[in-house]
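Below, each chain spelled out in residue letters.
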Amino acid sequence: MKGLVKSFGEPKYILTTDTYNWLAENLSLTFKNHSKNEIKLTYRCYPVLKMMLADKNKKVDDIAEDF
């Protein structure tokens, strides 16, 4: 947690979900206690998500051209 705070600044705490969230220009991180001995860190990289969506649309167009 200290490393994340040092790298990304203070997180926003969401009381209802008991999570800490960081937002950056190209990245979002969610930190949550999963159990007594485990934590869950979820990250989303927006440029990669855009590339995946573009690839998905391209594949759909390629399949549609076959018909």
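Residues numbered from 1 in each chain as written. Predicted model: local features only at pLDDT ≥ 70, side-chain atom pairs only at ≥ 80, totals over all residues. Heavy atoms only, no water.

*Asks:* Lay out the overall build of the protein in plain terms, naming residues and giving numbers.
*Replies:* Broken down by element type, the protein carries two helices and four strands. Of the regular secondary structure in the protein, the N- to C-terminal order runs α-β-β-β-β-α. Its C-alpha radius of gyration of 17 Å places the protein more than 25% over the 11 Å reference for a compact globule of 67 residues. A principal-axis box enclosing the C-alpha atoms of the protein has dimensions of 55 × 25 × 20 Å. In the protein, buried positions account for 12% of the 67 residues. Of the contacts formed within the protein by residues at least 6 apart in sequence, a portion of 6% connects residues at least 24 apart. Accessible surface for the protein amounts to roughly 6,000 Å². Of this, 57% is attributable to carbon and sulfur atoms. Charged side chains of the protein number 11 positive and 9 negative; the gap between the two group centres comes to 12 Å. (Helix = DSSP H or I, 4+ residues; strand = E, 2+ residues; numbered from the N terminus. Rg over C-alpha atoms; globule rule 2.2 N^0.38 Å. Buried < 20%, exposed > 50% of the residue type's maximum accessible area, 1.4 Å probe, protein only. Contact = heavy atoms within 4.5 Å. Areas by Shrake-Rupley, 256 points an atom, 1.4 Å probe, with all protein chains shown as cover. Lys, Arg positive; Asp, Glu negative; His and termini not counted. Charge placed at Lys NZ, Arg CZ, Asp CG, Glu CD.)

*Asks:* How would you explain the sheet that holds strand β1 (residues 12–14) if you had to name every residue and give the values?
*Replies:* Here four strands make up an open sheet; going across it, the order is β1-β2-β3-β4 and the pairing antiparallel. Of all strands in the sheet, those bounded by a partner on one side alone are β1 and β4 (39–45). Each adjacent strand pair in this sheet contributes to an overall mean axis angle of 20°, direction not counted. For strand β3 (residues 27–33) and β4, the ladder comprises seven bridges, and the chain directions are antiparallel. Across the sheet, Leu27 pairs through a bridge with Cys45, a residue of β4. (Pairing = 2+ DSSP bridges. Axes fitted to C-alpha atoms, helices over the stretch in contact; angles between N-to-C directions.)

*Asks:* Would you mind going over a nonpolar patch on the surface in detail, with residue names and values included?
*Replies:* Residues Leu23, Tyr46, Val48, Leu49, Met51 and Met52 make up a contiguous nonpolar surface patch of roughly 610 Å² in combined accessible area. If you tally residues by element for the nonpolar patch, the top one is helix α2 (residues 46–65), at five residues. Tracing the sequence through the fold places Met51 in helix α2. Residue class for Met51 comes out exposed when judged on its relative accessible area of 54%. (Patch = residues over 30% accessible without salt bridge, like charges linked within 9 Å, V, L, I, M, F, W, Y side chains within 5 Å. Salt bridge = Lys/Arg side-chain N within 4 Å of Asp/Glu carboxyl O.)

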